[in-house]
Structures are given as C-alpha cells and as structure tokens.
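# Topology and contacts: notes
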Amino acid sequence: MKFLGQAQEKLDNERTDLFADRVERVHRIIYHLYTTLDFDKGGEIAEKLGSLYSFIISQLYILNSTRSPEIIEDLREILSGLKDGWQGIESRNVSEANGNQGTEQTSGRQRVLSVQV
C-alpha cells in the first residue's frame, strides 16, 4: 500500500524513474507472497490467493507500461481488502492463542463461563 501510494505521488510529479522503482517494489513483495504459497497444504485458500497474486502481478506489468492512475487505485483497493483479511486472521489467531476456550469476550474484557463437567 505504501509503495503504491508513493508510485502515485511519483507519477503525479512526473518522476517516472522513481515511479518504476516503487512499482517494482510492490511486484517483488507480491511475487514473494506468491512463491511462498504452499498449494499442497493450503488447498483452496492457497489457490485463490495464488490467483489473486497472479492478477495483481499482471496488473503491475500493465501499470508499469501505461502509468494508469486507475490501476493504482484498483490495486490499492484490492490490497486494502487483502490486508483487512490478513488482520482478521491475525486477530482470530491471537484470540485462540490466548485460550479463549471457555471464555466469552465482552467489551474488551474476558468473562469466564461456568462450565460443568
């Protein structure tokens, strides 16, 4: 997101050399995410992420040649949604790691539920 914002800024200021550098940085990050997917263990989620990452990479190639502000905006929206999804997973994992079994979240505080065996 940061590098796409900087790419837009460089484009607005007609700094095409720096624009291309920022787009390349985004490309390297997304390419790394793509190449580290484990399609065997990740199943359908890995396949969908792989498709999304491939689409983003193809759009970055088009962006580099067309310098289209619309593509930058589209990519920022896609990456924002992806970021929100990752943050949601992280929040859920932190919650599970904190042992929320047998507890209920109430206004940021935990209340232990009575469990009879």
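The structure presented is a predicted model; accordingly, all values stated were derived computationally and were not measured.

What follows is about the packing of aromatic side chains. Counting across every chain of the model gives one aromatic pair. Taking the centre distance of 6.1 Å and the plane angle of 65 degrees together, the rings of tyrosine 34 and phenylalanine 39 count as edge-to-face.

Taken N-terminus to C-terminus, the directions of helix α2 (residues 16-35) and helix α3 (residues 39-66) make an angle of 165 degrees; their axes are 9 Å apart at the nearest point. Classed by the angle they form, the pair α2 and α3 counts as roughly antiparallel. In this structure, α2 crosses over α3, and the sense of that crossing is left-handed. In contact with Phe19, Ala20, Val23, Val26, His27, Ile30, Tyr31, Leu33 and Tyr34 of α2, α3 contributes Phe39, Gly50, Tyr53, Ser54, Ile56, Ile57, Leu60, Tyr61, Leu63 and Asn64. For the contact of α2 with α3, the class distribution of residues is 15 nonpolar, four polar and no charged.

Moving on, we get to the layout of surface pockets. Taken as a whole, the largest pocket holds about 230 Å³ of empty space. What lines the largest pocket is Met1, Lys2, Phe3, Val26, Ile29, Ile30, Leu33, Leu79, Leu82, Lys83 and Trp86. Of all elements in the fold, only α1 (2-12), α2 and α4 (69-97) reach the threshold of two or more residues within the lining of the largest pocket. Partitioning the lining of the largest pocket into residue classes produces nine nonpolar, no polar and two charged.

Residues Glu70, Glu73, Asp74 and Glu77 make up a contiguous surface patch of negative charge. Mapping aspartate 74 onto the fold places it in helix α4.

For soluble globular proteins, the rule of thumb is that nonpolar side chains tend to be buried together. Leu4, Phe19, Ile30, Leu60, Leu63 and Leu75 are the most contacted members of the largest nonpolar core, which totals 20 residues. For this core, the element with the most residues is α3, which contributes six residues. Beyond its immediate chain neighbours, meaning those up to four positions away, leucine 75 contacts Leu4, Ile56, Gln59, Leu60 and Leu63.

All right, on to the pattern of salt bridges then. Scanning all chains against the criterion turns up five salt bridges. Note that lysine 48 is salt-bridged to glutamate 44, the shortest N-O span being 3.7 Å. Here lysine 48 and its partner glutamate 44 are both found in helix α3, four residues apart, which amounts to about one turn of the helix. Here lysine 48 and glutamate 44 have matching classes, each one exposed. A cluster of three or more residues bridged by salt bridges with shared partners is formed by Asp21, Arg22 and Arg25.

Analysis parameters
- Residues numbered from 1 in each chain as written.
- Predicted model: local features only at pLDDT ≥ 70, side-chain atom pairs only at ≥ 80, totals over all residues.
- Heavy atoms only, no water.
- Phe/Tyr/Trp six-rings, centres within 6.5 Å; stacked < 30°, edge-to-face > 60°.
- Axes fitted to C-alpha atoms, helices over the stretch in contact; angles between N-to-C directions.
- Helix = DSSP H or I, 4+ residues; strand = E, 2+ residues; numbered from the N terminus.
- Parallel < 35°, antiparallel > 145°, perpendicular 65-115°, else oblique.
- Left-handed = near helix turned anticlockwise from the far one by under 90°.
- Contact = heavy atoms within 4.5 Å.
- Nonpolar A, V, L, I, M, F, W, Y, C, P; charged D, E, K, R; others polar.
- 1 Å grid on protein atoms, 1.4 Å probe; cavity = no way out; pocket = protein on both sides within 12 Å on 5 of 7 lines; lining within 4 Å.
- Points joined across faces, edges and corners; volume = space filled by probe spheres on them.
- Patch = residues over 30% accessible without salt bridge, like charges linked within 9 Å, V, L, I, M, F, W, Y side chains within 5 Å.
- Areas by Shrake-Rupley, 256 points an atom, 1.4 Å probe, with all protein chains shown as cover.
- Salt bridge = Lys/Arg side-chain N within 4 Å of Asp/Glu carboxyl O.
- Lys, Arg positive; Asp, Glu negative; His and termini not counted.
- Charge placed at Lys NZ, Arg CZ, Asp CG, Glu CD.
- Core = buried A, V, L, I, M, F, W, Y, C linked by side-chain atoms within 4.5 Å.
- Buried < 20%, exposed > 50% of the residue type's maximum accessible area, 1.4 Å probe, protein only.

None of this, on its own, says anything about what the molecule does.
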